[in-house]
Amino acid sequence: MSPCAKMRGMNPWLVTLPAVVTTAAAGLAAYGAAYPRAQLFGRTICRTNSPRKLAITFDDGPNPAITPKLLDLLDRYNAKATFFLIGRYVRECPELVQETVARGHLVGNHTETHPNLFRRTRREIRIELRLCHDAISNALGAPPKWFRPPFGMRNPWVIPAARELGYRTVMWTLLPGDWQEKPAAWLIPRMQPIADHAQRSGGNGATASASGRGDVLCLHDGAHRELNGDRSRTLAALEHWLPRWHDLGLEFVTIGEAVSTPAP
Ligand SMILES: [Zn+2]
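Since the model is a prediction, treat every value here as computed from it, not as a measurement.

Parameters at a glance
Residues numbered from 1 in each chain as written. Predicted model: local features only at pLDDT ≥ 70, side-chain atom pairs only at ≥ 80, totals over all residues. Heavy atoms only, no water. pLDDT = per-residue confidence, 0-100. Contact = heavy atoms within 4.5 Å. Core = buried A, V, L, I, M, F, W, Y, C linked by side-chain atoms within 4.5 Å. Buried < 20%, exposed > 50% of the residue type's maximum accessible area, 1.4 Å probe, protein only. Helix = DSSP H or I, 4+ residues; strand = E, 2+ residues; numbered from the N terminus. Donors = N, O, S within 2.8 Å, 3.2 Å for Na, K, Ca; no water. Axes fitted to C-alpha atoms, helices over the stretch in contact; angles between N-to-C directions. Parallel < 35°, antiparallel > 145°, perpendicular 65-115°, else oblique. Arc of directions from axis to C-beta. Phe/Tyr/Trp six-rings, centres within 6.5 Å; stacked < 30°, edge-to-face > 60°. Salt bridge = Lys/Arg side-chain N within 4 Å of Asp/Glu carboxyl O. Patch = residues over 30% accessible without salt bridge, like charges linked within 9 Å, V, L, I, M, F, W, Y side chains within 5 Å. Areas by Shrake-Rupley, 256 points an atom, 1.4 Å probe, with all protein chains shown as cover.

Here we look at the confidence of the model for the chain
Then step 1. In the predicted model, the chain carries a mean pLDDT of 89, and 86% of its residues have values of at least 70.
Then step 2. Low pLDDT, under 50, characterises residues 1-10; the stretch is placed with six contacts to residues that sit more than four places away or in other chains.
Then step 3. Predicted confidence is poor over residues 204-210, with pLDDT under 50, and the contacts of this stretch with residues over four places away or in other chains come to nine contacts.

Here it is, written out as structure tokens:
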């Protein structure tokens with residue numbers, strides 16, 4: 001068996017550590033790789049700069065079966081959102097990507113084929129990011145500026161590879177699990193923390209909550225295994241929550257607006 005074959009299934013950068021620290025490092029790495037707000041492997045954006053601002057984000061599109069309906073729903077509440085796109089889907093539906101941006105939303109890079117980057121080499125990571133980068137750039141005539149790793153998984157090379165292409169990496173505060181095949185009645189209560197945070201921060205015109213930060217919500221308009229995945233439950237849950245969040249005084253912003261414009 002070749003040394004490479006033996007290493008299969010292990011992350012190669014862990015293999016280079018001395019054996020005595022490998023176990024502890026593996027525990028720390030698991031945290032840095034998967035915990036959404038961990039900064040171990042590089043800085044990420046996890047929150048908005050105001051409790052009044054909610055950044056709704058969608059992964060794994062574009063999806064011709066859902067994204068157009070979602071764009072109509074968002075328009076109804078003057079909601080702007082951020083879509084992290086899979087490169088191979090962008091190549092199949094560039095018009096939908098153009099439509100998304102024309103309606104005031106941001107798009108970001110979510111890799112070409114949606115692998116778990118924790119188990120990929122530096123070279124493989126760079127190729128995954130570059131192919132999606134080119135697909136979006138070709139569709140829009142300009143490169144995106146925001147990146148989200150598939151499954152939120154990182155290793156020491158992911159964020160530097162994203163930075164090389166000019167990206168800031170975006171994670172989340174709330175991941176309700178809308179990819180699960182469960183009814184909207186299951187999903188809706190899992191999005192309750194957004195309303196709880198808005199209420200705690202005091203409603204319209206009140207001062208900021210203790211943290212002074214707002215939520216980044218991670219939902220899915222696509223499915224990484226196939227184009228045209230069923231995300232009707234995500235749509236139904238948003239139909240439920242958007243008017244309620246609006247009444248609580250939340251503003252629905254893109255991730256760019258969430259971090260770069262002054263907090264109200
Ligand atoms: Zn994804």
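More follows now that the structure is in view.
A closer look at the nonpolar core
Then step 1. In this structure, Ile56, Phe58, Phe83, Met191, Leu217, Leu238 and Trp245 are the most contacted members of the largest nonpolar core, which totals 39 residues.
Then step 2. If one sorts the elements of this core by residue count, helix H11 (residues 232-247) sits on top with six residues.
Then step 3. Beyond its immediate stretch of four places on either side in the chain, Leu217 contacts Leu54, Ala55, Ile56, Thr57, Leu174, Pro176, Met191, Ile194 and Trp245.

Section: the coordination of the zinc ion
Then step 1. Protein-derived coordination of the zinc ion comes from Asp60 (OD), His110 (NE2) and His114 (NE2), at a distance range of 2.0 to 2.1 Å.
Then step 2. Counting residues between consecutive donors of the zinc ion along the chain gives the motif D-x49-H-x3-H.

Some remarks on the packing of helix H4 (residues 67-76) against H11
Helix-helix packing is characterised by the crossing angle of the two axes and by the distance between the axes.
Then step 1. The geometry of H4 relative to H11 is characterised by a closest axis approach of 11 Å and an angle of 0 degrees between their N-to-C directions. When the axis of H4 is compared with that of H11, the two are roughly parallel. Contact residues: H4 offers Lys69, Leu70, Leu73 and Leu74, while H11 offers Leu235, Leu238, Glu239 and Leu242.

A word on H4
Then step 1. Residues of H4 that are buried include every one of Thr67, Leu70, Leu71, Leu73 and Leu74, and no others. The buried side chains of H4 occupy one side of the element, clustering within an arc of 165 degrees when seen end-on.
Then step 2. Turning to H4, the residues buried within the fold contact strand S1 (53-61), strand S2 (82-85), helix H6 (94-102) and H11.
Then step 3. Positive backbone phi, at 50 degrees, marks Asn78, one or two positions downstream of H4.

So, the packing of aromatic side chains
Then step 1. Under the defined criterion, the tally for this structure stands at five aromatic pairs.
Then step 2. Between Tyr31 and Tyr35 the ring centres are 5.3 Å apart and the planes differ by 15 degrees, which places this aromatic pair in the stacked class.
Then step 3. A relative accessible area of 43% means that Tyr31 is categorised as partly exposed.
Then step 4. With relative accessibility at 36%, the residue Tyr35 sits in the partly exposed group.
Then step 5. Taking 6.3 Å as the distance between ring centres and 50 degrees as the angle between the ring planes, the aromatic pair formed by Phe147 and Tyr167 counts as tilted. Pair noted here: Phe147 is in strand S4 (residues 146-147) and Tyr167 is in the loop between helix H8 (158-164) and strand S5 (168-169), with a separation of 20 residues, a long-range link.

Focus: the pattern of salt bridges
Then step 1. For the coordinates displayed, the defined rule picks out eight salt bridges.
Then step 2. The salt bridge involving Arg103 is made with Asp75; its shortest N-O contact spans 2.9 Å. Highlighted residues: Arg103 in the loop between H6 and strand S3 (106-109) and Asp75 in helix H4, separated in sequence by 28 residues.
Then step 3. Asp134 serves as the salt-bridge partner of Arg130, at 3.3 Å between the closest nitrogen and oxygen. With Arg130 and Asp134 both in helix H7 (residues 122-140) and four residues apart, this pair spans about one turn of that helix.
Then step 4. Taking relative accessible area as the criterion, Asp134 reaches 30% and is therefore assigned partly exposed.
Then step 5. Taken together, the shared-partner salt bridges connect Asp72, Asp75, Glu99 and Arg103 into one network.

Digging into a nonpolar patch on the surface
Then step 1. On the surface, a nonpolar cluster with roughly 390 Å² of combined accessible area is contributed by Leu28, Tyr31, Tyr35 and Leu40.
Then step 2. Structurally, Leu40 can be placed in the loop between helix H3 (19-34) and S1.

Points about the pairing of strand S6 (residues 216-220)
If a strand is regular, its side chains alternate between the two faces of the sheet.
Then step 1. Counting buried residues along S6, five of its five residues qualify, which places the element largely inside the surrounding structure.
Then step 2. With burial as the criterion, each face of S6 is covered, one bearing Val216, Cys218 and His220 and the other bearing Leu217 and Leu219.

Considerations on unusual backbone geometry
Then step 1. Along the chain, Gly61 connects to Pro62 via a cis peptide bond; the corresponding omega equals 0 degrees.
Then step 2. As for its placement among the helices and strands, Pro62 is situated in the loop between S1 and H4.
Then step 3. Unusually for a residue other than glycine, Thr111 sits at a positive phi of about 75 degrees.
Then step 4. Owing to a relative accessible area of 0%, Thr111 belongs among the buried residues under this scheme.
Then step 5. Of note, His114 is a non-glycine position whose phi angle comes to about 65 degrees, a positive value.
Then step 6. Residue class for His114 comes out buried when judged on its relative accessible area of 6%.

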